[in-house]
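Descriptive structure summary
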Amino acid sequence: MEFLLVNLKAKINQFSYPIKIGTNILHTLPKEISKFTKSKKVLLIIDKNLFNVYGKPLIKYFGKHNFKCSFLQITAGKKCKDIKNLLKIVNYLEKNKFSKDSTLVVLGGGTIGDLGGFAASVYYRGMNLVSIPTTLTAQIDSSIGGKVAVNFNNNVNAIGNYYHPKLILCDYKFIKTLPNRDFISGISEVIKSVLITSKKDTKFMSENYAKILKRDKQVILRMLKKIINIKINLVKRDERERNVRMFLNYGHTIGQAIESSLNLKSEHYRHGEAVALGMLCVAYMAERYFKVKDLYSNHVKIFKKYNLPLNIKKFSKSKNQMLNIIYKNIFKDKKKNHTGIRFVLLNGIGNPNVVSNFNESLIKESISRLIR
Ligand SMILES: NC(=O)c1ccc[n+]([C@@H]2O[C@H](COP(=O)([O-])OP(=O)(O)OC[C@H]3O[C@@H](n4cnc5c(N)ncnc54)[C@H](O)[C@@H]3O)[C@@H](O)[C@H]2O)c1
């Protein structure tokens, strides 16, 4: 049964687009596209795993509404965000005479969304983009805010852009088929969002964990609405990440260093799992920096409820080697500025601050404790 929970509006600088959250709302897509373009030409960039279940019915809906929908299936995962796939998409668009007013629809998780979104942003300096995020991470985070990118030379998001879609459709039914590890990885980003913004929402996540883990429709839809609103509100105040948007990088500076300590081609850590470890590191640092109590243990309490990782898996011969690899990777981080690496630290839940110039020993100590 179709159910539209809410129709949010993302207003980011001169851009304004709807984010529709509900269940079984995909069939509305052709009509929604007709609201912003007369072109009936659509290229669907779809996660290969999702083609049979979600792609085929969507292509049928387009057919019913006299759209000409072609598609490219791409294998999802970190390694799909590369130049080869980017050129494959652009080549297809160009060879098949797509114009700026035709529409690229991306259906998949954060990796497919980042890749397809970047392709849409560069094709003749930007064509219509619609995002159908299918993982929790993509629904609450990567599809909103305009960041699109591909990786380059093992560097995450080295070639990227800011580009907003014309529409985001967020359907609960995708959450139902998500593998557990990917669901939990998304929960890590949800927890990040509540930790940086509100004690009340952190309590909501803590109290409702059993229902959330069961993927209860009502609670998940409530959660989606809350977290998507948090993201919209931060991004609209600071699209280019000069101040408050940086808070969303909570746990990311060290988390991404852990993630990229393993070759990007291996899927050792999901993004959210690495971010959870990064949050533990900065919670430890924040307790010392701000002299706040119980921050670390409060993180551990909520992480345990959702089975998020509390330790870094072994990826090299010795603990020291691992520590040095991770530490070195922190400095590759794009959030480095002329004053040094910046960390988002909480002076208590809901009170984020950007702090730079940390001494090496405290950073290393925070990581080393997690290596078993
Ligand atoms: N642009 C941003 O602001 C931003 C923010 C956060 C993360 N990201 C990017 O997002 C990536 C992580 O995205 P992700 O976690 O969505 O990973 P993903 O796209 O790799 O998807 C994870 C897995 O889930 C499968 N899958 C997707 N949807 C499914 C569904 N509904 N049912 C069953 N299986 C499904 C995919 O086939 C894949 O195997 C990161 O690597 C990062 O590059 C971008």
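Relevant structure appears above.
Anyway, here's the lowdown on the structure attached to this text. Since this is a predicted model, take the numbers as computed values, not measurements. (Residues numbered from 1 in each chain as written. Predicted model: local features only at pLDDT ≥ 70, side-chain atom pairs only at ≥ 80, totals over all residues. Heavy atoms only, no water.)

1. A word on the environment of Tyr163
As a reminder, the rule being used: Secondary structure elements follow DSSP: runs of H or I no shorter than four residues count as helices, runs of E no shorter than two count as strands, and numbering proceeds from the N terminus. We define a polar contact as two N or O atoms separated by no more than 3.5 Å, with the added condition that, inside protein, one atom must be a possible hydrogen donor and the other a possible acceptor, whereas residues neighbouring each other in sequence contribute only through side-chain atom pairs.
Mapped onto the fold, Tyr163 is located in the loop between strand E8 (155–162) and strand E9 (167–171). Placed 181 residues apart in sequence, Tyr163 and Val344 show a C-alpha to C-alpha distance of 25 Å. At 2.6 Å, the side chain of Tyr163 and the backbone oxygen of Met127 are in polar contact.

2. Observations concerning the site of the ligand
Under the convention used in this document: Working definition: residue near molecule or strand if any one of its non-hydrogen atoms lies within 4 Å of it. Computed with the Shrake-Rupley method and a 1.4 Å probe, the accessible areas treat only the protein chains shown as cover for residues. In the scheme used here, Gly and all other residues not listed as nonpolar or charged are polar, with Ala, Val, Leu, Ile, Met, Phe, Trp, Tyr, Cys and Pro taken as nonpolar and Asp, Glu, Lys and Arg as charged.
In the neighbourhood of the ligand, 23 residues make up the surrounding shell, with Asp47, Asn49, Lys81, Thr111 and Thr135 lying closest. Here Thr134 contributes a side-chain N or O atom positioned 2.8 Å from a nitrogen atom of the ligand. Thr177 places a polar side-chain atom, nitrogen or oxygen, 2.8 Å from a nitrogen atom of the ligand. Compared with its free state, where it exposes 880 Å², the ligand has 87% of that area covered by protein. Within the shell around the ligand, the residues separate by chemical class into 5 nonpolar, 11 polar and 7 charged.

3. What about the environment of Tyr269?
Keep this limit in mind: Whether a residue is buried, partly exposed or exposed follows from its accessible area with a 1.4 Å probe, protein chains only, as a fraction of its type maximum: under 20%, in between, or over 50%, in that order.
Looking at where Tyr269 falls in the secondary structure, it is placed in the loop between helix H11 (252–261) and helix H12 (271–290). Residue classification places Tyr269 among the buried positions, given a relative accessible area of 2%. In this structure the C-alpha to C-alpha distance between Tyr269 and Ile258, which are 11 residues apart in sequence, comes to 8.6 Å. A polar atom in the side chain of Tyr269 sits 2.6 Å from the backbone nitrogen of Lys313.

4. Some words on the packing of aromatic side chains
In plain terms, the rule: For Phe, Tyr and Trp, rings pair up if their centres lie within 6.5 Å, where Trp contributes its six-membered ring, and each pair is then called stacked (planes under 30 degrees apart), edge-to-face (over 60) or tilted (otherwise). We count a charge as sitting over a ring when the NZ of a lysine or the CZ of an arginine lies within 6 Å of the ring centre and within 35 degrees of the ring normal.
Enumeration according to the criterion identifies 11 aromatic pairs in this entry. Judged by centre distance (5.3 Å) and plane angle (50 degrees), the rings of Phe62 and Phe67 are tilted. Judged by centre distance (5.3 Å) and plane angle (50 degrees), the ring pair of Tyr289 and Phe358 falls under tilted. Of this pair, Tyr289 sits in helix H12 while Phe358 is found in the loop between strand E12 (352–356) and helix H15 (360–368), placing the two residues 69 residues apart along the sequence. For Tyr289, a relative accessible area of 43% corresponds to the partly exposed category. Put simply, the rings of Tyr289, Phe290, Phe343 and Phe358 pair up and form one aromatic cluster. Sitting over the face of the ring of Phe98, Lys41 holds its NZ or CZ atom 4.7 Å from the ring centroid. It is Arg288 that lies over the ring of Tyr284; its NZ or CZ is 3.7 Å from the centre.

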